[in-house]
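# Observations on chain architecture
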Amino acid sequence: MEKFDFMKKYGYEQLVLFHDKATGLKGVTAIHDTTLGPSLGGTRMWVYENEEDAILDALRLARGMTYKNAAAGLNLGGGKTVIIGDSAKIKSEELFRAFGRYVQSLNGRYITAADVGTTTKDMGFIKMETDYVVGLEGKSGDPSPITALGAFYGIKAALKYQFGNAEIKNYTYAVQGIGKTGAYLIDYLFEEKAKKVYFTDINEERIKALQTKYPQVVFVKPDDIYNLEVDVFVPCALGAILNEDTIPRLKAKIVAGTANNVLKDEIKDAQALKAKKILYAPDFVINAGGVINVYHELIGYNKDMVIADVKRIYDRLLEMFKIAEERNISTQEAANVFAEERIKKIHNIHRNFIPR
Ligand code: NAD
């Protein structure tokens, strides 16, 4: 990979490689775009085949955060860190504190948070060395219920757009994955008397617990979830589950859930859903509750304000669905257009000098 060519092509601002002699910490921070504000994105700890893969992952994920944060209406740019190594083996107070010092050296251009392989406890160590970390214990807390709430409002927006009526009780749902977010989402669905909820998972304990809690819920085998005659398919498990094999099997009229990277191929699969007249709520928009939640730590955390902000996912999705229809593009492309236009508009209002 020619790094400067790649950065130029996608508009990256900065790529930082760091290594700490004392702890062996090594990693990459990528800052994509800070037009809207400081870049924010989690720290991933992962074992990569080679350095190129780690750098590419940081770059790709940072750009994704620019779009996610912009589409969520936040005053944040996109950034991401990957720490290279096995989270089960290399974690220590000194390693995270050494990392915190690198974050501090970026002087607020990048704010970190937890991601795959890191936890709120790790963020606590980072906090000892930098002001630029969110998602701390005792602050915004577990993002899962908030992410699920955002997805719930996203489902309502999709119902409104697709069927002209957003009442949860009129429709049927197929939920894939009842982990941290899926289980909360099912609670919300039953609170508003969902007509019927099917679900699948591979964790026996969770399956039993859900069946005990809601005797009316219907379990199906993991591979059968795609074939169900339901109104809404709700992905809350893995990525890349919608692809050339599964999309032809879908009978649902809406896809809306918490999972990341739902489409195997963002362009082709979004088009395939559009061709089948299945309304797709873009993953990075509908699952933004978590990032909205941590953002509020930066502006003074208030739960009611967070909830109000997360509920705005409803209006934002409706706007994107309209863009998609008017321009005859997929909803995934419309979400990208929405984010890019917001960045452009905010950039434009900052042209005049105002002393502050
Ligand atoms: P989780 O690990 O708590 O839950 C995932 C569930 O999916 C588990 O119960 C697991 O057993 C199940 N599962 C795994 N493979 C499966 C399969 N083949 N078929 C059916 N079920 C299967 O994860 P989560 O935090 O609920 O996150 C779910 C998705 O939402 C992920 O893609 C995650 O990146 C995304 N997301 C989560 C948050 C959050 O706040 N937790 C925020 C944004 C996005």
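So, here is what we can say about the structure in this document. Just so it is clear, the structure is predicted and the values come from calculations on it, not from any experiment.

### Thoughts on the pattern of salt bridges
Across all of its chains, the model carries 17 salt bridges by this definition. Among the ionic pairs, Lys213 bridges to Asp187, the shortest N-O distance being 3.0 Å. Taken together, the residues Lys213 in helix H8 (residues 204-213) and Asp187 in helix H7 (residues 180-191) connect sequence positions 26 residues apart. Looking at Asp187, the relative accessible area reads 17%, which means it is buried. Of the charged contacts in the structure, one is a salt bridge between Glu341 and Arg327, with a shortest N-O distance of 3.2 Å. Taken together, the residues span a long stretch of sequence, with Glu341 in helix H14 (residues 331-349) and Arg327 in helix H13 (residues 313-327) at a distance of 14 residues.

### Some remarks on the sheet that holds strand S7 (residues 172-176)
Strand order in the open sheet formed by six strands is S9-S8-S7-S10-S11-S12, with parallel pairing between adjacent strands. Each of the sheet's edge strands pairs with one partner strand only, and the pair in question is strand S9 (218-219) and strand S12 (279-280). Here S7 pairs with strand S10 (residues 232-235) via four bridges, running parallel. Bridge pairing links Ala174 to Phe233 in S10. The strands touched by H7 within the sheet are S7, strand S8 (196-200) and S10, with S8 carrying the most contacts at an inclination of about 170 degrees.

What counts, and where the lines are drawn
- Residues numbered from 1 in each chain as written.
- Predicted model: local features only at pLDDT ≥ 70, side-chain atom pairs only at ≥ 80, totals over all residues.
- Heavy atoms only, no water.
- Salt bridge = Lys/Arg side-chain N within 4 Å of Asp/Glu carboxyl O.
- Helix = DSSP H or I, 4+ residues; strand = E, 2+ residues; numbered from the N terminus.
- Buried < 20%, exposed > 50% of the residue type's maximum accessible area, 1.4 Å probe, protein only.
- Pairing = 2+ DSSP bridges.
- Contact = heavy atoms within 4.5 Å.
- Axes fitted to C-alpha atoms, helices over the stretch in contact; angles between N-to-C directions.

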